[in-house]
Amino acid sequence: MATSTFPKKPPVTKGAAVVVEYVDRSPTTQSYLPEIVKGLGVSMKHFFKNTKEMVRGERPDPVLERYDDGISTISYPEQKRPYPERFRGLHRLTQREDGSPRCVACLCCSTACPAQCIFIEAGEYAEGDKRRGYERYPVKFVIDELRCIFCGFCVEACPCDAIRMDTGLHATPYDSRDQFIYAKDLLLNQPGADGTVKSANPRHEPGDKSHPGVDRLRAH
Ligand code: SF4
Ligand code: SF4
């Protein structure tokens, strides 16, 4: 019967030749028993430690606990790494009180976007709407999240606080490019990290007493 062998030490180089030392596997090595017992020991240690902490209600954040232990792997997506405070999440479009987009289709964001990944088709409000002739709305508003470099220029450029990157989310790992093309309805219904679809800034509609600027209803 042929004897199985494996290298014991790194190869020793003598000049150009490489000399490899081989040793026979011992029955202990062959059976893997010591390593199995060691592995079970580690599992049992964590089992009892985790159970004790859970019963006492002492369990810290499992991700941060891993970092403290020097372990850099986590069980994603059940566990997520803590994001830095300045993390920019996926985009969303904010809504007015009546649910319509705050976006006035001015194209400032798409003009500022260095990746040219925002497409907007502007439209006029319907006849009789007080916003008709005063401001427009996006018939289509599309962001290609795969081309986006998350620079935030679009948010900075927007005069209406209509586009935000405060969702605290990163892109879901889809399997087709089409699924990263975010259209208006999806963007409008994506809540911010605070759980609302509104903007943090109050909106002064044309005609409101609080409206500070040009108002066609008052013939300004
Ligand atoms: S974050 Fe930057 S790259 Fe992405 S859509 Fe906005 S402006 Fe474009
Ligand atoms: S999101 Fe803001 S900057 Fe972009 S088109 Fe709408 S109003 Fe203009």
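Heads up: the structure comes first, above all this text.
Residues numbered from 1 in each chain as written. Chains lettered and ligands numbered in written order. Predicted model: local features only at pLDDT ≥ 70, side-chain atom pairs only at ≥ 80, totals over all residues. Heavy atoms only, no water.

Q: So what's going on with the overall build of the chain? Which residues, and what values?
A: A tally of helices and strands in the chain yields six helices and nine strands. Residue pairs in contact within the chain that sit at least 24 positions apart in sequence constitute 58% of those at least 6 positions apart. For the chain, the accessible surface area stands at approximately 15,200 Å², while carbon and sulfur atoms represent 56% of it. (Helix = DSSP H or I, 4+ residues; strand = E, 2+ residues; numbered from the N terminus. Contact = heavy atoms within 4.5 Å. Areas by Shrake-Rupley, 256 points an atom, 1.4 Å probe, with all protein chains shown as cover.)

Q: Kindly report on the site of ligand 2, identifying the contributing residues and their values.
A: What surrounds ligand 2 is a group of 13 residues, the closest being Cys103, Cys106, Leu107, Cys109 and Cys158. Classifying every residue of the shell around ligand 2 by side-chain character gives 13 nonpolar, no polar and no charged. (Near = heavy atom within 4 Å. Nonpolar A, V, L, I, M, F, W, Y, C, P; charged D, E, K, R; others polar.)

Q: How would you sum up unusual backbone geometry? Please name residues and give values.
A: For Tyr32, which is not glycine, the phi dihedral falls at a positive 65 degrees. Examined against the element boundaries, Tyr32 turns out to sit in the loop between helix H1 (27–31) and helix H2 (33–56). With a relative accessible area of 53%, Tyr32 lands in the exposed category. (Buried < 20%, exposed > 50% of the residue type's maximum accessible area, 1.4 Å probe, protein only.)

Q: Lay out the site of ligand 1 with the relevant residues and their values.
A: Taken together, 14 residues are adjacent to ligand 1, and Cys113, Cys148, Cys151, Gly152 and Cys154 come closest. By residue class, the composition of the shell around ligand 1 is 12 nonpolar, two polar and no charged.

Q: Hey, could you go over H2 for me, with residue numbers and the actual values?
A: Counted at 1.5 Å a residue, the expected span for H2 with its 24 residues is 34 Å, and the 35 Å between its end C-alpha atoms agrees. Once H2 finishes, Gly57 follows within two positions and takes phi at roughly 70 degrees, a positive value. (Expected span 1.5 Å × (residues − 1).)

Q: Outline the side chain of Asp144, listing residues and values.
A: Assignment of secondary structure puts Asp144 in strand E7 (residues 136–144). Assessed through its relative accessible area of 11%, Asp144 is described here as buried. Side-chain polar atoms of Asp144 contact the backbone nitrogen of Leu146, separated by 3.0 Å. When residues no more than four places from it in sequence are discounted, the contact partners of Asp144 are Cys117, Arg177, Phe180 and Ile181. (Polar contact = N/O pair within 3.5 Å; in protein donor to acceptor, adjacent residues only side chain to side chain.)

Q: Requested: an account of the sheet that holds strand E6 (residues 118–124), with residues and values cited.
A: Pairing is antiparallel across the open sheet formed by three strands, whose spatial order is E6-E7-E9. Both outer strands of the open sheet, E6 and strand E9 (181–182), are each paired with one neighbouring strand and no more. With seven bridges connecting them, E6 and E7 associate as antiparallel partners. Along E7, the bridge assignment pairs Glu124 with Arg136. (Pairing = 2+ DSSP bridges.)

Q: Residue-level account of the side chain of Thr94, with values.
A: Relative to the helices and strands, Thr94 resides in the loop between strand E5 (92–93) and helix H4 (108–112). When its relative accessible area of 0% is taken as the criterion, Thr94 is described as buried. From its side chain, Thr94 meets the backbone oxygen of Asp161 in a polar contact 2.9 Å long. Excluding residues that lie within four positions of it along the chain, Thr94 makes contacts with Ser100, Pro101, Arg102, Asp161, Ala162, Arg164, Leu188, Val197, Lys198 and Ser199.

Q: Before we move on, can you summarise the pattern of salt bridges with the specific residues and values?
A: Within the structure shown, the criterion is met by 12 salt bridges. Of the charged contacts, one joins Glu53 and Lys49 as a salt bridge, the two residues approaching to 3.6 Å between their closest N and O atoms. Residue Glu53 and its partner Lys49 are both found in helix H2; the two are separated by four residues, about one turn of the helix. Relative accessible area serves as the criterion here: at 33%, Lys49 is assigned to the partly exposed category. In this structure, Arg132 engages Glu127 in a salt bridge whose closest nitrogen and oxygen atoms are separated by 3.5 Å. Counted as one network, the salt bridges with shared partners bring together Arg92, Asp161, Arg164 and Asp166. (Salt bridge = Lys/Arg side-chain N within 4 Å of Asp/Glu carboxyl O.)

Note that all results are geometric; they support no functional claim without further evidence.
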